[in-house]
Amino acid sequence: MACRGLLVMAALVALVSAADGGGGFQRVLTLERAFPVEEKVDLEAIKARDRARHARTLQSFSGGIVNFPVGGTSDPYAFGLYYTKVRLGSPPQEFNVQIDTGSDILWVTCSSCKDCPQNSGLGIPLNFFDTAASSTASPISCSNNICASIVQTASAECSSESNQCAYTFQYGDGSGTTGFYVTDMLYFDTVLGTSLLPNSSAPIVFGCSTSLFGDLTKSDRAVDGIFGFGQQSLSVTSQLASRGITPKIFSHCLNGDGNGGGILVLGEILDPRIVYTPLVPSQPHYNLYLQSIAVNGQLLPIDQAVFTTSGNRGTIIDSGTTLAYLVEEAYDPLFDAITSAVSQSAKQFSYKGSQCYRVSTSLAQVFPVIAFNFAGGASMVLRPIDYLVHMGFLDGATTWCIGFLKVQNQGTTILGDLVLKDKIFVYDLAHQRIGWADYDCSLSVNVSITSGKDEYVNAGQLSVSGSSSTKQIFKASYIAFLLHSLLLLAALSL
């Protein structure tokens, strides 16, 4: 046993010496046991210590990547939404939550929830968060400083009867939820360098909903809650980034084909074709400077002012919206241009308020390409499949309807999943910009370990490339991981 311990120490010496470039030791390190040698080490105790250490490691490392699974599709007649899984509490409870870049708060339904669906037409199990079942759950009281800061942003309210920091959210479709804030552990898998740290955790503030109203009470598309990816301080992305656990950037790639799904990472997806446009500053949503719309390369006669962010006007990116919404002043000329382009090959008709077409040939041969042009020279090119919705068959012909809905009374243009699918989207909050590129979201992607570096990991296959400076970052994190592993082996072998 003693010999094995010496071998482990020798390995440590060689490793540190190699990391120092072969020039010898600069300092003498004193190593102490975490567990006394005469006591039997319980495996659960080691796991608990590892979890605590991983949390400390993550908080001191600014380039960790958190990967979330993605389910659902943009098809309004199937799922009509994209969702991911989150693990909350101790022991972790798993929840399916809708991915929503149009809101900030992560909330899940509570065990005491009223009017909550008990099953889902999406074929996913529904779960309820039980604060009493989590050893680390802590409801936030009105006297808590966290609540005071939330109240200032109008995202919370206090009840003198319950002394709970509560909330009421209402969404654009009229649905909403009420509940109270909780602090508990969020569990996730993180990549540091080429190393995977499973079941890493960090305490976060999230909502526990006790009541739902509107469409959220319906079972056909029921989920356990909503995962807000907004840029305000209470979003999970902001909470983790403020502690240095993840970079201040996240990305998604929503698959529009087949069974849907896709990729969602707290990190930067890399692709040389990505074009960026600046965010409108000081806005609650991801507002962009939309400047013009072109059909088959021809600019439409639209006053740019209708897209300007002012009051309830503007153009936003929102993954929580299934279709897309276009202000009347832009919708009408766009519809006229599409109809003119397909007049010889498709028959136009109205169906339940939507503008539709009967088509006997392929979309690409009939319908035009649309380009949304944004500030900074960034164009979002939409293929016919990116703005049309398949409605079935009529008189032997395929029926397609325009997926853009008309917004009247000077409203907001909203680009939802119909437009966002089959593209990489990067929300670079550190530089206040959003980028995108067409992509097959069923494929793996390269994700940057640190924002602005060319070092990356490949989803599914970890790999590293880049300059010597970024490789030094990888070396430091990788050596730290190996040191921890070897120390653990030493503790178990003695």
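Every chain begins its residue count from 1, and numbering advances along the sequence as written. Side-chain atom pairs in this predicted model are given and counted only at pLDDT of 80 or more, local residue features only at pLDDT of at least 70, and totals for whole chains, interfaces and linings cover all residues. Note: side-chain values were computed over all heavy atoms of the structure, leaving out hydrogens and water.

S.K.: Give me the lowdown on the overall build of the chain, citing residues and values where you can.
M.R.: For the chain, the count of helices and strands is eight helices and 31 strands. Burial classification: accessible surface area is computed with a 1.4 Å probe over protein chains only, and a residue below 20% of its type maximum counts as buried, one above 50% as exposed, and the rest as partly exposed. Counting all 494 residues of the chain, 50% fall into the buried class. Helix and strand labels come from DSSP, where a helix needs a run of H or I of at least four residues and a strand needs a run of E of at least two; each type is numbered from the N terminus.

S.K.: Account for the pairing of strand β1 (residues 65-73), with residues named and values stated.
M.R.: With seven of nine residues buried, β1 lies mostly within the body of the structure. With two bridges joining them, β1 and strand β8 (residues 176-192) adopt antiparallel strand pairing. For isoleucine 65, the partnering residue across the bridge sits in β8 and is valine 191. Of the pairings in the sheet, the one linking β1 to strand β12 (residues 262-266) comprises five bridges and is antiparallel in character. Bridge pairing in β12 links asparagine 67 to valine 265. Should DSSP find at least two bridges between two strands, the strands are taken to pair.

S.K.: Describe empty space enclosed by the protein, listing the residues and the values that go with them.
M.R.: Definitions used for this entry: grid spacing 1 Å over protein atoms alone; cavity, a set of points where a 1.4 Å probe fits but cannot get out; pocket, an open set with protein on both sides within 12 Å along at least 5 of 7 lines; lining residue, one with an atom within 4 Å of a point. Grid points are joined across faces, edges and corners, and a volume is the space filled by probe spheres set on the points. Enumeration over the complete set of coordinates arrives at two cavities of 30 Å³ or more. What the largest cavity holds in volume is close to 50 Å³. As for the largest cavity, its lining consists of Thr237, Ser238, Ala241, Thr246, Pro247, Lys248, Ile249, Phe250, Leu266 and Leu429. Taken together, the elements giving at least two residues each to the lining of the largest cavity come down to α4 (236-242) and β11 (249-254). With three residues, α4 is the single largest residue contributor to the lining of the largest cavity. The nonpolar class holds Ala, Val, Leu, Ile, Met, Phe, Trp, Tyr, Cys and Pro. Asp, Glu, Lys and Arg form the charged class, and all remaining residues, Gly among them, are polar. Broken down by class, the residue content of the lining of the largest cavity amounts to six nonpolar, three polar and one charged. Empty space within the second largest cavity amounts to approximately 30 Å³. Thr109, Cys116, Pro117, Leu126, Asn127, Phe128, Val223 and Asp224 are the residues that line the second largest cavity.

S.K.: Mind laying out the sheet that holds strand β24 (residues 388-394), listing which residues take part and the relevant values?
M.R.: Pairing is antiparallel in the open sheet, where four strands are placed in the order β20-β21-β25-β24. Since the sheet does not close on itself, it has two edges, and those belong to β20 (346-351) and β24, each with one partner. When the angles between neighbouring strand axes are averaged without regard to direction, this sheet yields 30°. Pairing analysis gives six bridges linking β20 to strand β21 (residues 354-359), with the strands arranged antiparallel. What sits directly across from phenylalanine 349, in β21, is cysteine 356. In this description, a line fitted to the C-alpha atoms serves as the axis of each element, helices being fitted only across the stretch in contact, and the angle between N-to-C directions of two axes falls anywhere from 0 to 180 degrees.

S.K.: Run through the nonpolar core, naming residues and quoting values.
M.R.: Within the largest apolar cluster, 77 residues are counted, with the highest numbers of intra-cluster contacts made by Leu88, Ile293, Ile317, Phe367, Phe372, Met380 and Phe404. Counting residues per element, this core draws most heavily on helix α5 (residues 328-342), which supplies seven residues. Any two residues whose heavy atoms approach within 4.5 Å at even a single point are treated as in contact. In this view, isoleucine 293 contacts Gln298, Leu299, Leu300, Ile302, Phe307, Leu326, Ala330, Leu334, Ile370, Ala371 and Phe372; residues no more than four positions away in its chain are not counted. To form a nonpolar core, buried Ala, Val, Leu, Ile, Met, Phe, Trp, Tyr and Cys residues must be joined to one another through side-chain atoms within 4.5 Å. Membership of the second largest hydrophobic core comes to 18 residues, among which are Cys113, Ile150, Tyr167 and Leu234.

S.K.: Pulling in residues and values, what's your account of the confidence of the model for the chain?
M.R.: Within the chain, residue pLDDT values average 79, and 77% of them lie at 70 or more. pLDDT runs from 0 to 100 and stands for how confident the predictor is about each residue. Counting contacts from residues 451-456, a segment whose pLDDT is below 50, to residues more than four positions away or on other chains yields 30 contacts. A low-confidence stretch, residues 459-494 stays under pLDDT 50, and its non-local contacts, those more than four residues away or across chains, total 64 contacts.

S.K.: If you had to explain the sheet that holds strand β18 (residues 314-317) to someone new, which residues and values would you point to?
M.R.: Sheet architecture is open: five strands sit in the order β15-β18-β27-β19-β26, paired in mixed fashion. Unpaired on one side and paired on the other, β15 (286-288) and β26 (404-407) mark the two borders of the sheet. With strand direction ignored, the average angle separating the axes of adjacent strands in the sheet is 35°. Both strand β19 (residues 324-327) and β26 contribute to a ladder of four bridges, which runs parallel. Bridge pairing links tyrosine 325 to leucine 405 in β26.

S.K.: Let's hear about the packing of aromatic side chains: which residues, and what values?
M.R.: Two aromatic rings, drawn from Phe, Tyr or Trp (for Trp, its six-membered ring), form a pair once their centres lie within 6.5 Å of each other, and the interplanar angle then sorts them: stacked below 30 degrees, edge-to-face above 60, tilted otherwise. Inspection of the entire model under this criterion finds 15 aromatic pairs. Ring geometry for phenylalanine 95 and phenylalanine 129: centres 6.1 Å apart, planes at 55°, overall tilted. With phenylalanine 95 in strand β3 (residues 93-100) and phenylalanine 129 in the loop between β4 (106-114) and β5 (138-139), this residue pair connects regions lying 34 residues apart in the sequence. In terms of burial, phenylalanine 95 and phenylalanine 129 fall into one category: buried. Between phenylalanine 372 and phenylalanine 404, the aromatic rings sit 5.7 Å apart at their centres with planes inclined by 15°, giving stacked as the arrangement. Placement of phenylalanine 372 in strand β22 (residues 370-374) and of phenylalanine 404 in strand β26 is noted, with a sequence separation of 32 residues between them. Each residue in the set Phe68, Phe227, Phe229, Phe250, Tyr286 and Tyr427 is aromatic and connected to the rest through ring pairs, giving one cluster. Over the ring of phenylalanine 349 we find arginine 358; its NZ or CZ atom is 5.3 Å from the centre of that ring. Think of it as a cone above the ring: NZ of Lys or CZ of Arg counts as a charge over the ring if it is within 6 Å of the ring centre and within 35 degrees of the ring normal. For arginine 433, the ring lying beneath its charged end belongs to tyrosine 276, and the centroid distance is 3.6 Å.

S.K.: Could you give an account of unusual backbone geometry, with specific residues and numbers?
M.R.: Looking along the chain, the bond that leaves serine 90 and enters proline 91 is cis, with omega of 0°. Even without glycine at this site, lysine 352 takes up a positive phi of about 50°. For lysine 352, the location among the structural elements is in the loop between β20 and β21.

S.K.: Run through the side chain of aspartate 422, naming residues and quoting values.
M.R.: Position of aspartate 422 relative to the elements: it lies in the loop between α7 (417-420) and β28 (423-428). Excluding residues within four positions of it along the chain, aspartate 422 makes contact with Leu254, Asn255, Gly256, Asp257, Arg383, Ala437, Asp438, Tyr439 and Cys441.

S.K.: Lay out α5 with the relevant residues and their values.
M.R.: Expected helix span is taken as 1.5 Å per residue step, with the number of steps being one fewer than the number of residues. When the terminal C-alpha atoms of α5 are compared, their 21 Å separation across 15 residues agrees well with the 21 Å that a helix rising 1.5 Å per residue should span. When α5 is considered as a whole, its buried residues turn out to be Ala330, Tyr331, Pro333, Leu334, Phe335, Ala337, Ile338 and Val342.

S.K.: Break down the side chain of aspartate 428 for me, citing the residues and quoting the values.
M.R.: Note on placement: aspartate 428 falls in strand β28. The buried category is assigned to aspartate 428, whose relative accessible area is 1%. Ignoring sequence-local partners within four residues, the contact set of aspartate 428 consists of Lys248, Ile249 and Arg433.

S.K.: Lay out the pairing of β11 with the relevant residues and their values.
M.R.: Burial analysis of β11 places six of its six residues in the buried class, which makes it a mostly covered element. Residues Ile249, Ser251 and Cys253 line one face of β11 and the alternating positions Phe250, His252 and Leu254 line the opposite face, and both faces are buried. Two strands pair when backbone bridges link them, and β11 and β28 are joined in this way by five bridges, in the antiparallel orientation. Looking at β28, one finds that isoleucine 249 is bridged to aspartate 428. Bridge count between β11 and β12: four bridges; the pairing is antiparallel.

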